[in-house]
Amino acid sequence: MCSTRSPSRRAPAIKDRAIIVSHGQPSDPAPAEAALAGFAAQVARALPGWQIESATLANPGALDRAFQATGPGAAIYPLFMTGGWFTSDALQKRIAARSAHVLPPFGQDRGLPEMAARVLQDVLAEHGWQAADTRLFIAAHGSGRSDRSACDTQDFARALARHLAFAEMRVGFVEESPHLNDMAFGLGEKSICLPFFAAAGGHVQEDIPEALALADFKGVCLDPIGCVPQAPALVAQALTHEKVTA
């Protein structure tokens, strides 16, 4: 009697490789490293046949281990919000001797404003608000080293405004003027705070809530834009587009 055997399932061959890199938390690297690994796993699920590694710059040796896992030629995806000092200088120095191509950071993705608009439309619908009657407060990092961070944030705000017209849109920063504390006052009850951050680190957990509490903010504060459920798909799309156009 002949037996029938089911064909064994083989893992898809690795076609492409990428490393998702973020800043991390220097004072306590492990939680941020684990969170980034979880994010990378979500990106990998959207990209069958890709090897997706992750590393935070704050975790000693993490980037070296990621390079060892992928080998040369991996694409580097900066899970940063702007092309400021960390993206343009710190990250570039860490990979200078590697054979790797660095993509634009998450915050500069052309699809991010549209994705953010969809997230905000869902929030408006949930509360029964109209954008024309609602104020948006974009809480961002900023930089004392480079004006690039603020410029990129303002570029995002302008692009977002083309998708969704709020009654007023404000931008405030942690590390430069106009500061969060100055911009959070008088937003009213129909208001939304959108943290322009890639992860829920110290600034999101401490600085933004402090500024909002000081301003007696009565609106809705969202998760960082890099933590919304749609974010991994946007990164996967960017990696795929980069591969096609490379």
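Residues numbered from 1 in each chain as written. Predicted model: local features only at pLDDT ≥ 70, side-chain atom pairs only at ≥ 80, totals over all residues. Heavy atoms only, no water.

### Examining the overall build of the chain
Then step 1. Along the backbone of the chain there are eight helices and eight strands.
Then step 2. By the burial criterion, 47% of the 246 residues in the chain qualify as buried.
Then step 3. A separation threshold of at least 6 residues defines the contact pool for the chain, and within that pool the share at least 24 residues apart is 77%.
Then step 4. Within the structure as shown, the chain displays about 12800 Å² of accessible surface, and the carbon and sulfur contribution to it stands at 50%. (Helix = DSSP H or I, 4+ residues; strand = E, 2+ residues; numbered from the N terminus. Buried < 20%, exposed > 50% of the residue type's maximum accessible area, 1.4 Å probe, protein only. Contact = heavy atoms within 4.5 Å. Areas by Shrake-Rupley, 256 points an atom, 1.4 Å probe, with all protein chains shown as cover.)

### Some details on the sheet that holds strand S5 (residues 135-140)
Then step 1. Sheet architecture is open: four strands sit in the order S6-S5-S7-S8, paired in parallel fashion. Looking along the sheet, the strands with just one partner apiece sit at the ends: strand S6 (168-173) and strand S8 (220-221).
Then step 2. Relative to strand S7 (residues 191-195), S5 runs parallel, the two sharing five bridges. Directly across from Ile138, in S7, lies its bridge partner Leu194.
Then step 3. Along the sheet, helix H4 (residues 112-127) makes contact with S5, S7 and S8, crossing S7 at roughly 150°.
Then step 4. Strands S5, S7 and S8 of the sheet are contacted by helix H7 (residues 202-214), whose axis makes an angle of about 155° with S7. (Pairing = 2+ DSSP bridges. Axes fitted to C-alpha atoms, helices over the stretch in contact; angles between N-to-C directions.)

### Some points on the state of the cysteines
Then step 1. Tallying each qualifying case throughout the model produces zero disulfides.
Then step 2. Not part of a disulfide, Cys193 finds its nearest cysteine sulfur in Cys221, a span of 3.9 Å.
Then step 3. We classify Cys193 as buried; its relative accessible area is 0%. (Disulfide = S-S within 2.5 Å.)

### As for H7
Then step 1. Taking 1.5 Å per residue, 13 residues should reach 18 Å; H7 reaches 17 Å between its end C-alpha atoms and fits that length.
Then step 2. All buried positions along H7 are accounted for by Gly202, Val204, Ile208, Ala211 and Leu212. (Expected span 1.5 Å × (residues − 1).)

### Here's the deal with the pattern of salt bridges
Then step 1. Enumeration over the complete set of coordinates arrives at six salt bridges.
Then step 2. For Arg135, the salt bridge identified is with Glu168, shortest N-O distance 2.8 Å. Here Arg135 is found in strand S5, whereas its partner Glu168 is found in strand S6, with 33 residues between them in sequence.
Then step 3. Judged by relative accessible area, Glu168 falls into the partly exposed class, the value being 29%.
Then step 4. Measuring nitrogen to oxygen at the nearest pair gives 3.3 Å for the salt bridge that ties Asp216 to Lys218. Like Asp216, the residue Lys218 is exposed in the burial classification.
Then step 5. Salt bridges sharing partners connect three or more residues here, namely Arg135, Glu168 and Arg170. (Salt bridge = Lys/Arg side-chain N within 4 Å of Asp/Glu carboxyl O.)

### A look at the nonpolar core
Soluble globular proteins: nonpolar side chains tend toward being buried together.
Then step 1. Within the largest apolar cluster, 50 residues are counted, with the highest numbers of intra-cluster contacts made by Ile20, Phe106, Ile225 and Leu239.
Then step 2. By residue number, the principal contributor to this core is H4, which donates eight residues.
Then step 3. Residues contacting Leu239, with those up to four places away along its chain left out, are Ala18, Val43, Leu47, Trp50, Ile52, Ala75, Tyr77 and Leu103. (Core = buried A, V, L, I, M, F, W, Y, C linked by side-chain atoms within 4.5 Å.)

### Some points on the sheet that holds strand S1 (residues 16-22)
Strand pairing in a sheet relies on backbone hydrogen bonds, with the paired strands running either antiparallel or parallel.
Then step 1. Reading across the sheet, the four strands line up as S2-S1-S3-S4 and stay open at both edges, with parallel pairing between neighbours. Pairing within the sheet leaves two strands with one partner each, and these edge strands are strand S2 (50-56) and strand S4 (101-102).
Then step 2. Direction of pairing for S1 relative to strand S3 (residues 75-78): parallel, over a ladder of four bridges. Looking across to S3, one finds that Val21 is bridged to Pro78.
Then step 3. Lying over the sheet, helix H1 (residues 29-45) contacts S1 and S2, oriented at roughly 160° with respect to S2.
Then step 4. Here helix H2 (residues 62-70) sits on the sheet and contacts S1, S2 and S3; the angle it forms with S2, its principal contact strand, is near 165°.

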